[in-house]
Amino acid sequence: MLTRSGDAAPRGPRRPTGTESPWALVWGRFRHHRLALVSGVILALLYLSAIFAEFLAPGDPQAYNARYTFAPPQSIHLLDRDEDGSLVFRPYVHGYAVTVDPEAMRRTFAIDPDKKHPLRLLGRSEPYLLMGFIPMQRKLLTIEGQGTPLLLLGADRLGRDVLSRLIIGTRVSLSVGLVGVVLSLAIGLVVGGLSGYHGGLLDLVVQRVIEFLRSVPTIPLWMGLAAALPRDWPPLTIYFAITVILSLVGWTELARVVRGRFLALKTEDYVTAARLDGASDLSLVFRHMMPAFSSHIIAAASLAIPAMILAETSLSFLGLGLQAPIISWGVLLQEAQNLRSVATAPWLLWPAAAMIVAVLAMNFLGDGLRDAADPYAT
Amino acid sequence: MTDRGLGHLNEDNDITSRRSCMTARTVLLGALLVLGPAVAGSEPFKEAPELAALVAEGKLPPVDERLPTQPLVVSPLSEIGTYGGTWRSALKGASDTGWLRRTVAYDPLVAYSFDWDDVVPNVALSVDVNDDASEFVFHLREGHKWSDGTPFTAHDLEFAITDAIQIPEYFGASRNTHLLGAKATAVDDLTLKIELPEPNGLFLKQMASVSGMWPLMYQEEYCSQFHIKYNPDADAEAKSAGLTGWPEALYLACDLDNWRDTERPTLLAWKLTSPYDGLSQQVTFERNPYYFKVDSASNQLPYLDSLQMRQSSSVDDMVLQALNGDIDFMDRHIATTANKPLFIDGQAKGDYRLFPTVQANMNTSIIQLNQNSENPALNALFNEHDFRVALSLAIDRQEIIDVLFVGQGEPWQASPRPESRWHNERLAKQHTEFDPDRANALLDGLGLTGRDAEGFRLGPDGKRIAFRLDVTSDVQPTFPDVAEMLAIYWRALGIQLDVRKSERSFVYETMRANRHDAHIWQGDGGLGDAILDPRYYFPANVESVYALLWAKSLYDPGAADALEPPPAVRRQQDLYRELQRSADPVLQDQLFAEILEIAADEFRVIGISLPPNGYGIARNDMGNVPELQPHSWIYPTPGPMGVAQLFHKRG
Amino acid sequence: MTAPPGPAPAAEVLAIVDLETHFPLNRGTLKAVEGVSLTLRAGETLCVVGESGSGKSVTARSILNIVKPGRIVGGHIWFRPDAVIGAGNGNGPAIDLCALDPDGPRLRAIRGARIAMIFQEPMSALSPMHTIGQQIIEAVRLHRAMDKQEARARAIELLRQVQFREPETAIDRYPFQLSGGMRQRALIAMALSCQPQVLIADEPTTALDVTTQAEILSLIRSLQQRYGMAVLLVTHDMGVVAEMADRVAVMQGGRVIEHGPVDAVFRAPREAHTRRLIEAARLLERRGNRAAGTPAGGPGQAPILSVRGLCLAFRGTTGFLRRRATAVHALRDVSFDVAPGEALGIVGESGSGKTTLARALLGIHRVDAGQARFRRADGSLVDLCARQGYADRSLYAEIRMIFQDPFAALNPRQTVEQIIAEPLRIHRLCQRSGIGDRVAALLRDVDLSADVMDRYPHAFSGGQRQRIGIARAMATNPRLVVADEPTSALDGSLRAQILDLLLELRNRLGLSIILISHDIGVVRYFCERMAVMRQGELVEIGASDQICDAPRHPYTAELLAAVPRAGPRHARLRDPDAAGPD
Amino acid sequence: MARYLARRLLLMAATMAALSIVCFAIIQLPPGDFLSARLAEMAGTGDTVDVANVAWLRAQYGLDEPFIVQYWLWISGVVGGDLGFSFELRMPVAEVIGERLGISLTVEILAIIVLWAIAVPVGVYSAVRQYSIGDMAATLFGFIGLAIPNFLLALLLMYLSYIAFGVTIGGLFSPEYVDARWSAGRLLDFLGHVWAPVLVIATGGAAQIIRILRANLLDELSRPYVDTARAKGMAEWRLILRYPVRVAMNPLVSTVGWLLPTIISSSIVTGIVLNLPTLSPILLRSLLAQDMHLAGGLILLIGVLTLLGTLLSDILLAWLDPRIRLG
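Caption draft 1: The overall build of chain C, seen in detail. Along the backbone of chain C there are 19 helices and 20 strands. Among the 582 residues that make up chain C, the fraction classed as buried is 59%. Roughly 22300 Å² of accessible area belongs to chain C as shown, and the carbon and sulfur atoms make up 48% of that amount.

Caption draft 2: Quick peek at the overall build of chain B. Assigned secondary structure in chain B consists of 23 helices and 23 strands. Expected size for 651 residues packed as a compact globule is a radius of gyration near 26 Å; at 26 Å, chain B falls within 12% of this value. The dimensions of chain B, computed from C-alpha atoms along their principal axes, are 90 × 55 × 55 Å. Buried residues in chain B amount to 65% of all 651 residues.

Caption draft 3: Local environment of the nonpolar core. One finds Phe138(B), Tyr218(B) and Trp490(B) to be the most contacted residues of the largest nonpolar core, which totals 356 residues. Looking at this core, the element that brings in the most residues is helix α12 (residues 350-373) of chain A, giving 13 residues. Counting 89 residues, the second-largest nonpolar core is a separate cluster that includes Ile63(C), Ile72(C), Ile171(C) and Met251(C).

Caption draft 4: Focus on the packing of helix α11 (residues 315-323) of chain B against helix α7 (residues 150-165) of chain D. Put simply, α11(B) and α7(D) touch, their axes get as near as 11 Å, and they point 0° apart. When the interaxial angle is binned, α11(B) and α7(D) end up roughly parallel. Residues Asp316(B), Asp317(B), Leu320(B) and Leu323(B) of α11(B) form the contact with α7(D), whose own contacting residues are Leu155(D), Met158(D), Tyr159(D) and Tyr162(D). For the contact of α11(B) with α7(D), the class distribution of residues is six nonpolar, no polar and two charged.

Caption draft 5: Broad picture of the pairing of strand β9 (residues 247-252) of chain C. Residues and elements named next belong to chain C. The buried fraction of β9 is high, at five of six residues. Note: strand β3 (residues 45-49) against β9, four bridges, orientation parallel. Looking at the pairing, Cys47 lines up with Val248 of β9. Of the strand pairs in this sheet, β9 and strand β10 (residues 255-261) are connected by six bridges, and their pairing is antiparallel. Opposite Val250, over in β10, you have Glu258 as the bridge partner. Turn length for the β9-β10 hairpin, with the two strands adjacent in sequence and antiparallel, is two residues, and the turn residue Gly253 shows positive phi of about 55°.

Caption draft 6: Region of interest: the sheet that holds strand β6 (residues 141-143) of chain A. All names here are of chain A. Here four strands make up an open sheet; going across it, the order is β1-β2-β3-β6 and the pairing antiparallel. Each having just a single partner strand, β1 (77-81) and β6 make up the two edges of the open sheet. Averaged over all pairs of adjacent strands, the angle between their axes in this sheet comes to 55°, without regard to strand direction.

Caption draft 7: Quick look at the confidence of the model for chain C. Residues and elements named next belong to chain C. For chain C, mean pLDDT is 83; residues scoring 70 or higher make up 88% of the total. Confidence drops under a pLDDT of 50 for residues 291-298, and excluding neighbours within four residues, the segment shows 10 contacts in the predicted structure. Predicted as a complex, the structure gets a pTM of 0.79 and an ipTM equal to 0.77.

Caption draft 8: Expanded view of the interface of chain C and chain D. Contact residues are listed per partner, giving 35 residues for chain C and 31 residues for chain D. For the pairing of chain C and chain D, the buried interface totals around 3000 Å² over both sides, and the portion due to carbon and sulfur atoms is 64%. One salt bridge in this structure joins Glu138(C) and Lys232(D), with 2.9 Å as the shortest N-O distance. Here chain C and chain D share nine residue pairs in polar contact (both at pLDDT 80 or more) between them. Where the side of chain C that touches chain D is concerned, the elements lending two or more residues are β6 (115-118), α3 (132-143) and α6 (180-192) of chain C. When residues in the side of chain C that touches chain D are grouped by element, the largest group, six residues, is from α3(C).

Caption draft 9: Just the side chain of Gln572(B), in detail. Residue and element names in this part refer to chain B. Of note, Gln572 is situated in helix α22 (residues 567-581). According to the relative accessible area criterion, Gln572 is buried, its value standing at 2%. A distance of 3.1 Å separates a polar side-chain atom of Gln572 from the backbone oxygen of Ile595. With sequence-adjacent residues up to four places away left out, Gln572 is seen in contact with Tyr537, Phe538, Pro539, Ile595, Ile598 and Ala599.

Caption draft 10: Expanded view of the sheet that holds strand β13 (residues 343-347) of chain C. Residues and elements named next belong to chain C. Reading across the sheet, the six strands line up as β16-β17-β18-β13-β19-β20 and stay open at both edges, with mixed pairing between neighbours. Every interior strand has two partners, whereas the edge strands, β16 (399-402) and β20 (537-543), have only one. Averaged over all pairs of adjacent strands, the angle between strand axes in this sheet comes to 15°, irrespective of strand direction. As paired strands, β16 and strand β17 (residues 480-484) are joined by four bridges and run parallel to one another. Paired with Met401 across the two strands is Val482, which belongs to β17. Each of β13, β16, β17, β18 (512-517) and β19 (529-534) is contacted by helix α11 (residues 354-361), which is oriented at about 150° to β18, the strand it contacts most. Running over the sheet, helix α19 (residues 554-562) touches β19 and β20 and is turned about 100° from β19.

Caption draft 11: Representation of unusual backbone geometry in the model. Backbone torsion omega between Leu301(B) and Pro302(B) reads -5°, so that peptide bond is classified as cis. By the element assignment, Pro302(B) lies in the loop between β11 (293-295) and β12 (306-312). Even without glycine at this site, Arg428(C) takes up a positive phi of about 50°. With respect to the element layout, Arg428(C) can be found in the loop between α13 (416-426) and α14 (435-445). Residue classification places Arg428(C) among the exposed positions, given a relative accessible area of 72%.

Caption draft 12: Highlighting helix α16 (residues 397-405) of chain B. Residues and elements named next belong to chain B. Taken together, the buried positions of α16 are Arg397, Ile400, Ile401, Val403, Leu404 and Phe405. Residues of α16 that are buried sit in contact with β15 (363-369), α15 (385-393), α19 (479-493) and β19 (605-607). Once α16 finishes, Val406 follows within two positions and takes phi at roughly 45°, a positive value.

Caption draft 13: Up close: the domain arrangement of chain B. All names here are of chain B. Assigned domains of chain B: these are domain 1 (1-35 + 106-216) and domain 2 (366-610). The interface of domain 1 with domain 2 comprises 15 residues on the first partner and 14 residues on the second. Interface area, domain 1 with domain 2, both sides summed: about 1300 Å², of which 63% is carbon and sulfur. For the interface between domain 1 and domain 2, the tally reads one salt bridge. Its salt-bridge partner being Arg421, residue Asp117 comes within 3.7 Å of it at the nearest N-O pair. In this assembly, domain 1 and domain 2 are joined by four residue pairs in polar contact (both at pLDDT 80 or more). Those elements that place two or more of their residues in the side of domain 1 that touches domain 2 are α2 (24-28) and α7 (203-207). Its residues assigned to classes, the side of domain 1 that touches domain 2 comprises six nonpolar, four polar and five charged.

Caption draft 14: Highlighting the arrangement of the chains. Taken together, the five pairs of chains in contact show their highest number of contacts between chains A and C. For chain B and chain C, which are not in contact, the least C-alpha distance works out to 42 Å.

Caption draft 15: Layout of the confidence of the model for chain B. Per-residue confidence for chain B gives a mean pLDDT of 87; residues scoring 70 or more make up 92%. Here residues 1-40 of chain B is modelled with pLDDT under 50, and outside its nearest four sequence neighbours on either side it reaches 71 contacts, counting other chains as well.

Caption draft 16: Up close: the packing of helix α6 (residues 218-228) of chain A against helix α7 (residues 235-266) of chain A. All names here are of chain A. Where α6 contacts α7, the axes come no closer than 10 Å and their chain directions differ by 150°. It follows from the interaxial angle that α6 and α7 lie roughly antiparallel. When you trace α6 past α7, the crossing you get is right-handed. Listed contacts from α7 to Thr218, Leu221, Trp222, Leu225 and Ala226 of α6 are Ile245, Leu246, Leu248 and Val249. For the contact of α6 with α7, the class distribution of residues is eight nonpolar, one polar and no charged.

Rules used in this analysis
- Residues numbered from 1 in each chain as written.
- Chains lettered and ligands numbered in written order.
- Predicted model: local features only at pLDDT ≥ 70, side-chain atom pairs only at ≥ 80, totals over all residues.
- Heavy atoms only, no water.
- Helix = DSSP H or I, 4+ residues; strand = E, 2+ residues; numbered from the N terminus.
- Buried < 20%, exposed > 50% of the residue type's maximum accessible area, 1.4 Å probe, protein only.
- Areas by Shrake-Rupley, 256 points an atom, 1.4 Å probe, with all protein chains shown as cover.
- Rg over C-alpha atoms; globule rule 2.2 N^0.38 Å.
- Core = buried A, V, L, I, M, F, W, Y, C linked by side-chain atoms within 4.5 Å.
- Axes fitted to C-alpha atoms, helices over the stretch in contact; angles between N-to-C directions.
- Parallel < 35°, antiparallel > 145°, perpendicular 65-115°, else oblique.
- Contact = heavy atoms within 4.5 Å.
- Nonpolar A, V, L, I, M, F, W, Y, C, P; charged D, E, K, R; others polar.
- Pairing = 2+ DSSP bridges.
- pLDDT = per-residue confidence, 0-100.
- Buried area = accessible area lost by both parts, 1.4 Å probe.
- Salt bridge = Lys/Arg side-chain N within 4 Å of Asp/Glu carboxyl O.
- Polar contact = N/O pair within 3.5 Å; in protein donor to acceptor, adjacent residues only side chain to side chain.
- Domains from an automatic or database assignment.
- Left-handed = near helix turned anticlockwise from the far one by under 90°.

This is the structure in structure tokens:
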């Protein structure tokens, strides 16, 4: 390793010089992982839209509209012709011409080219509460014209706006993973840390427990726990319970990572050096070991989030996860996972696209973080 | 098949009954009729070519010997069929016996007429009933044989009713409530007498229902080997096979709900060849050469050689099979409102068509508010007539119809369908108009004027008026949607409805324990079943969960928690008892009409809308496909059409 | 000296002309080799010597174009396959190896067959999943049409030639079952499999113990004579150069700065850098500028540390299916004293237990038996190896450690100030406000500028880091310093600087030092007394000079003999001014 | 060897004992029991059920006993080799498992083969050509497989093959071949169906393997023994496959053992949508119906497979890696 005094060919990124802080170095390496960088931006946007969901969603996600069941998406036209025939930038959508087909029991939609509904940025809307407590009266995008809904991603079987539902669903879906991972992390950090730092009998017991938990089949475990949730819990409590259930399974992986890191760091010379400086156990852990693996842990955690998002979807599919009226991507997909939707209303599958993007982005971000996690690795 | 209406079909029935010379109603009138000509027409009986070949090889007796001396003659729905082919359909999961019971397994002693107005002879040639409807004598067909060629006699039925169905250890027993306590005696080989412990004017209707099939599944010779009374080792044998005891062995081998024993002889049109045990991927049947029906051209039925039912865990898989033309005739599971556009669009590609059925349910959703609730505040409110009316008036039924049923159907309360002979305009239409103002006024009138910070009304106890509705989506996918819309309407009224999607068994468990606030379910009892299952018209049975404890005073008076109902309800229950004691259908109709009148005054449950017609899928080459057949479970559609007459058109 | 352009002169089997090899970096390129020209004659040994980063290994690798992710961007490497010793001018064509596709068949036909190469780390230069036999047989069959049986026989023969005992069984061994020396022999056998004209040896002995190094070098020499190979030996060790070379090329910064016959270069180095390299090598041949005798007290004074009967065994299980308990006896009944102000050297090869000893003294490892009584500043005695040895953390201020690996020993996430201030902070040796000044003073003591305080360790070179490590050790004004191979990770010239720094600090502060090293030269240079360790035991202890001049234990003698200066050529290294061992 | 195996088996037995209790508890977690679930279902079809009858049955099944007693009855049977009786399917659990294990194994093994056939070349390629366009594309492809929910992919495959080829791929056989003997036609029919579940399962797992293999191989590619092999004159791809890939595959090959339990549990969702006659839908069904013995037996089987898989992994790793075998 480093004891080698030959001049083997240098590999990998150049050893950084100067006074950059460790996090600056992590950032420096991370920046070179293009996919991760793009993913980071995408995720930031996704989380932002989760935070400002009500503002971004053009409509009320729960409002049904009898006339527009299974309405296809509208497309936005950016340019419009003025009276004098010149092109102007004035985004608009066309209205629908709706006919009812009683035989097939469906509505058929056509674009009504005569009906133009201009779109307005930051237009007035029904009053609503942003994040549940900030009263607002404007939305990002509104439509002019009475009675015509803005259905940029189409409508579902009750005529509800898929885009609005998708945006609102972002909140639950992305936070399930986040909250779940935070919980897993908390458990994993304490258990894995104790186990790895102390070693000995405690480590042995913890190891066995983790091994055992991992041999318990996950799906039955989830199902059993999810089905056992008291039915009279309000939806929000159910939501938290589900994340707890997900993290009950997820923490073992993180605990293993943490333990492994502790074991590796324990024998690092600089940790020994700190101990020989007379540092206490607490100081060793928090001043010298934690900073060294925090980036690893962040990477491991970011790789665990997509697994949780997918798990939530699977639970929803089995009818055991979150349920309407909560809106999550899993719930939306559960409603769309039938042939009717796939065949005649494929726009109901947009939540799947959103999920794929989010899961991909999290994986790439995690990969990038992991690669960048240790700026001092050779 | 032409577009014949319901009335037209009655004539068909008459033709049938002329041949068998007896309808249920004449029986009920107490007449003892002798049957007409023993043999249909003068033509010799014809049979399927495969069977003829077997006869020629001497492996099978000739068709004349296989048929009863008086076979049941079926007038085909549209045409005389041709022999051959397979009927392909699908079963969902491991325990979908429902489709079997609707199709191959509907051949009871007496059957429902196609339009569900009558009860007609089927396996039995005729029935005698005494005046107080407590003693029924069934006359069987001479020469009727099981699929193994042994004679079918009254002793088989006596064994089934006495030794099998009524044993308390037996899962099936509880589903034959009309036979509980019945004493069955084989007077001779062709005569079965059933004595009921109490008069039951509806007995024949029940025997013609989907539950009427139980006694016909047991061949004494075969099934008695599992019975401790006939085989002292039966229990030991069962236990050594891993079963809990002999009743389970008997149940597994012979019960209507079990199709795992390919050895069991049958009276049905097709005989099981590969079992339905939850593991096999496909259940198959082949023609029973001893089937007792012939068509009007003296061809022995069934036309179709075999049945092939693919077991599938996924409805979408079944839908694709149908779209791809791999299903010949079916409506169960796949023919939902949501799938209709798919099926309409796929007709040409899949070479099938859609045929309409009449939904026997009288409602898309019935909301029952628990008027025997243990929650005193809610109980008081739910028992207020005006409160229920207000909730009903606050519902924009037309909007629900538009959103969920694409405008199909009309606002309707819990009341028999317009086609029904018990149709009651007032019961059906009252309080269906959308009138939120009047609804609010009614609530104000009840003194519910206090409001909380969020605008919800306060109950007499000073708390917000809020109740819970647990909905399941696996019976009707629209329930959760209806419930969510109700929540919005009632929110406008100042009443909070907590909608929870729940698993079905949980919903049932809470209801059985009477812990529910409210319940949403489909409107059973719209056609012929109205009188058999009047759950929504007055607290009648365990499904009347708006007043379970009052209902108990009728069906289980000894129960500790049974409650004495209010006078009007009491009166309904008394009328129903009277109706049950009468063998006179005219009197029964009168009594039932009176019950419905009281129901209209009472207005105990809230309905939404009349269900639009249903549909089914049939390959274009299927013949005798029923049109506008009532769709129900008690009347196990399409069973009463006589599925033996389905056939594949040649060419 | 530069080679003429165009084909090499006669008998020059290899001629490197203006070679340039570059490596891509995140930003820019690293010009590892910039215009190197060298020639290698048939049958001779050319040593390329230089410090880390001088480009010597890249030059060697460039010959067979194994430089990924780097790229040869300029120059020629002429290879003359028909050059033989004494044959005068070969008249066959010369091939420009640089012009061949690095992955193409023509170069592959030369690799291993005409020009073979062995690498520095025998531990990892063999595939762990294949037996050495499989790997040698493969090398044979790549270039010779032999069936498996013949190839196997050939492999056994090769193993015999590289002095494997029982080559018939050894051929089926996996690398991990062999010692480092044996692995290097296996690699040499593989390289010889096709009797190449040229053997390139890239630091073949650096990772080996000194006694093994001597064996491998003599093996290479004898094989070279036997096969008439030309050998290009890359090394950083002037001792090895003196031992092996016919001619020598000195590299620095990607260029050859001096190139000539070995005697000439040693006798009259032209370049200052060459002189420094030779000087650093010679340095360790003699005693350092240490105060004679024991400075702070006579031999009668009570020892500051008295170690008695230390025993320590590492227990574990090995084997997968047949598990067996193993105990490695790292320390066996080790006893010695350290007088106040004395420097005691502990010398031994890898696995001798010397590092374990250091760590046991610092309470990192628990001993099974024995004591190490330390006399504290207040005169009280404390047993460092007892369970409660370091219960009083202030003891850590009196006894300090310097680590072997300057890269690993500094927390990369702390600034220099934080690192050095850590013990000050913990032991409250300083006012909070005074910490900066104290750290600055300490940095000056180790010849570093005080304005590096807010930098992170990665900003420093190995030598600078070791200075920081020393500053940290000195921060508490310790009385005993345990230095575990403080120079072995450093290049020769740095090594001397660090040793001198330590010497100076020691003399100034009156420290007692336990210096642990595998290099008997380092110990002799630094310590009054030395102890020789072997397999956990102290085999010999006494005055350094005495032991070096007249070893009593045969192992000590073996160690001394293996240092590359013995043999017919060793006089080259002798300092012409200072005569002989003192 | 014997002692090692004995030690492992003892540990396995202890884990199994704990696992069986946890399994049984998990199954019992949801409120109600098999009969209440069953009754609710019957009510849905319109049948009414007699309460006394239910009480009798409950006693027959031992469902009114306390948890410990039920567990004891079950586990003592299991230890004695009797896995119990499925309430719902009304046949011995062993028979149910026996009937479906073969086809589950077939599907899963095919999936594993396809998974590896996809993941290994892609992983090797992305490591050797690190940061190339191909590497990015391969990684993206692998992760899309991971990110698409299985049920959606299955549904899409079903629908697309109906639209594009006019065939339905649900199940594993067409009706005419379900009960037929094996023949060339049946094999073709089987292959015409099995590709869909195999693809769905394989794409879900490929990303993980690609990721691990790529990371391992990147480490190995920079090891000196690769240069040694180059210096021998080996061709580039040949040496990569012979040396670093061989080493990098080790940790992966050892995870084959971990795939064992997935035979039952991995394809639950896929199995339902595609109507596979495997054990997965049965597991789900038994859990929903609270068919205690069947669910317990299956979960226990998964547990056994997990433990066996671990053992297998260790043995496989030792067999593959001389450092472990001989070290």
